[in-house]
Amino acid sequence: MTVTDFPTTASGVRSPIPDLPVPSPGERALAAARFQLTEASRFLGLDDGLHDMLATPRRSLTVSVPVRREDGRLEVVQGHRVQHNLSRGPAKGGIRFHPATDLAEVTALAMWMTWKCALVGIPYGGAKGGVAVDPATLTTRELERVTRRYVNEILPLIGPEKDIPAPDVGTDEQTMAWIMDTYSANAGYSVPGVVTGKPTALGGSLGRAGATSRGVQIAALRALARTDGARSPEGTAIAVQGFGKVGALAAQYLADAGCRVVAVSDAGGAVVRPSGLDVAALRAHAAETGSVHGYRDADPLSHDELLELDVDVLVPAALEGVITADNAPRVRARLVVEGANGPTTPEADLILAGNGVTVVPDILANAGGVIVSYLEWVQNTQAYSWSAGEVEVKLRDLMENAYRAVADLAAERDLTLRQAAHAIGVGRVAEAHRMRGLYP
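- In the annotation of an unreviewed UniProt entry, the entry for the protein reads Glutamate dehydrogenase, and the organism field reads Microbispora bryophytorum subsp. camponoti.

What follows is the structure, encoded as structure tokens:
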């Protein structure tokens with residue numbers, strides 16, 4: 001395989017994507033994903049045809065989802081399912097319920113999932129789905145109706161050997177239970193392997209609920225060990241942006257490892273305590289009130305101030321595009337560990353690299369979720385189950401092996417961790433394409 005260098009500026013740092021007008025956050029995410037693919041393709045020496053194939057989703061489906069509200073009103077929302085690539089196995093990816101969800105965002109997320117699966121060495125291609133709806137505005141019955149009708153519309157695409165959904169923003173194990181039941185009702189028998197992240201009573205895996213957060217912790221500790229001369233986590237100051245499903249448990253796991261979590265935020269607000277937050281108490285407060293806002297043992301903070309705190313590690317764990325060219329110059333953390341998908345724009349990447357900030361990219365840092373989803377799927381297909389300890393050992397092995405490969409390539413070729421991660425992930429998918437050939 002012929003390799004070349006990543007494109008760089010005169011200062012020795014790669015060029016960002018050009019300034020182009022984009023109409024939505026989803027379009028910005030897709031532009032970032034395509035830019036990262038183009039960088040990796042140049043590094044790997046891929047020809048234009050192969051690059052174009054990797055840049056184009058295999059299948060994209062947009063559906064209308066009618067919802068009958070409790071007061072009898074009928075509303076129609078839009079849903080999507082994108083299968084980006086199937087060269088290395090069935091498609092895998094979450095389903096999110098969020099009002100800003102659009103086809104561009106889902107396409108970007110599916111592309112990132114393809115590279116993520118290849119990077120950590122599991123036999124999946126990337127997919128993603130979503131419905132443009134705010135689950136907080138729906139009753140439980142309405143949410144169930146949305147889920148089941150959406151699943152019915154995408155039914156031809158999904159299945160345990162074709163495309164296996166999982167939870168994402170705005171969805172959870174109950175959502176997966178509804179999906180499994182809807183699919184199984186159509187099949188005429190129980191099909192637990194059609195989704196992952198479902199309740200353990202329905203074949204879900206022990207350790208799945210906190211798997212993404214556990215992966216973030218593993219990646220952060222590995223990065224601390226490699227970038228700061230085997231630095232101990234004891235006393236390391238952490239700020240977590242996004243105290244939700246991923247961020248809250250990531251904060252807990254990092255605190256359990258000895259780190260000092262000093263600030264967290266969610267949609268309702270942000271709080272800071274320089275001496276360290278009691279993460280367990282804060283999680284209880286957020287569960288009771290719906291937000292970290294108003295937590296009495298910490299001071300209030302703005303969302304922007306949290307991203308710019310003088311901490312050792314910043315964990316963006318909410319939505320994409322929060323670290324931008326505007327605020328990146330003020331990021332003082334020396335290490336950014338991406339718990340969310342696409343939280344750092346390419347322009348911000350350029351600035352952070354120039355300022356000596358190490359970024360552990362999303363396709364590596366948050367891969368714990370898809371790893372344990374894979375383990376759950378394997379258990380379902382074999383009608384077998386592992387203990388929580390066995391699942392964690394397998395998760396840790398795959399995460400640490402992937403981190404080692406990325407860090408070694410980055411050091412060997414003078415790349416950022418993101419460049420190295422995409423080079424490995426894209427390279428493995430490209431190799432699968434070459435080996436399979438083109439039909440017909």
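Some thoughts on a positive patch on the surface
Here is step 1 of the chain: Side chains of Arg-58, Arg-59, Lys-162 and Arg-436 sit close together on the surface and give a patch of like positive charge.
Here is step 2 of the chain: Its location among the elements puts Arg-59 in strand E1 (residues 59-68).

Observations regarding unusual backbone geometry
Here is step 1 of the chain: In this model, Tyr-439 is joined to Pro-440 through a cis peptide bond whose omega is 0 degrees.
Here is step 2 of the chain: Along the chain, the position of Pro-440 falls in the segment after helix H14 (417-436).

A short note on the nonpolar core
Here is step 1 of the chain: In terms of nonpolar packing, the biggest core is built from 86 residues, with Val-337 and Val-360 touching the most fellow members.
Here is step 2 of the chain: The greatest single-element share of this core, amounting to eleven residues, is contributed by helix H3 (residues 103-120).

Some details on the packing of helix H6 (residues 211-227) against helix H13 (residues 388-413)
Here is step 1 of the chain: It is the contact of H6 with H13, at a shortest axis distance of 10 Å, that shows an interaxial angle of 40 degrees. In terms of orientation, H6 and H13 fall into the oblique class. The crossing of H6 and H13 is right-handed. For the pair H6 and H13, the contacting residues are Ala-211, Arg-214, Gly-215, Gln-217, Ile-218, Ala-219, Arg-222, Ala-223 and Arg-226 in the first and Glu-392, Leu-395, Arg-396, Met-399, Glu-400, Tyr-403, Arg-404, Ala-407 and Asp-408 in the second.
Here is step 2 of the chain: When its residues are assigned to classes, the contact of H6 with H13 shows eight nonpolar, two polar and eight charged.

Observations regarding the environment of Gly-425
Here is step 1 of the chain: In this fold, Gly-425 is placed in helix H14.
Here is step 2 of the chain: Gly-425 sits 275 residues away from Tyr-150 along the chain, and the two C-alpha atoms are 31 Å apart.
Here is step 3 of the chain: Once you skip the residues sitting within four places of it in the chain, Gly-425 turns out to touch Trp-115, Ala-118 and Leu-119.

Considering the pairing of strand E7 (residues 260-266)
Here is step 1 of the chain: The buried count for E7 comes to six of seven residues, which makes it a mostly enclosed element.
Here is step 2 of the chain: Bridge count for strand E6 (residues 237-241) against E7 is five bridges, and the pairing is parallel. By the bridge assignment for E7, Ala-239 is matched with Ala-263.
Here is step 3 of the chain: For the crossover from E6 across helix H7 (residues 245-256) to E7, the handedness is right-handed.

Parameters at a glance
Residues numbered from 1 in each chain as written. Predicted model: local features only at pLDDT ≥ 70, side-chain atom pairs only at ≥ 80, totals over all residues. Heavy atoms only, no water. Patch = residues over 30% accessible without salt bridge, like charges linked within 9 Å, V, L, I, M, F, W, Y side chains within 5 Å. Areas by Shrake-Rupley, 256 points an atom, 1.4 Å probe, with all protein chains shown as cover. Salt bridge = Lys/Arg side-chain N within 4 Å of Asp/Glu carboxyl O. Lys, Arg positive; Asp, Glu negative; His and termini not counted. Charge placed at Lys NZ, Arg CZ, Asp CG, Glu CD. Helix = DSSP H or I, 4+ residues; strand = E, 2+ residues; numbered from the N terminus. Core = buried A, V, L, I, M, F, W, Y, C linked by side-chain atoms within 4.5 Å. Buried < 20%, exposed > 50% of the residue type's maximum accessible area, 1.4 Å probe, protein only. Axes fitted to C-alpha atoms, helices over the stretch in contact; angles between N-to-C directions. Parallel < 35°, antiparallel > 145°, perpendicular 65-115°, else oblique. Left-handed = near helix turned anticlockwise from the far one by under 90°. Contact = heavy atoms within 4.5 Å. Nonpolar A, V, L, I, M, F, W, Y, C, P; charged D, E, K, R; others polar. Pairing = 2+ DSSP bridges. Right-handed = clockwise from strand over helix to strand, strands pointing away.

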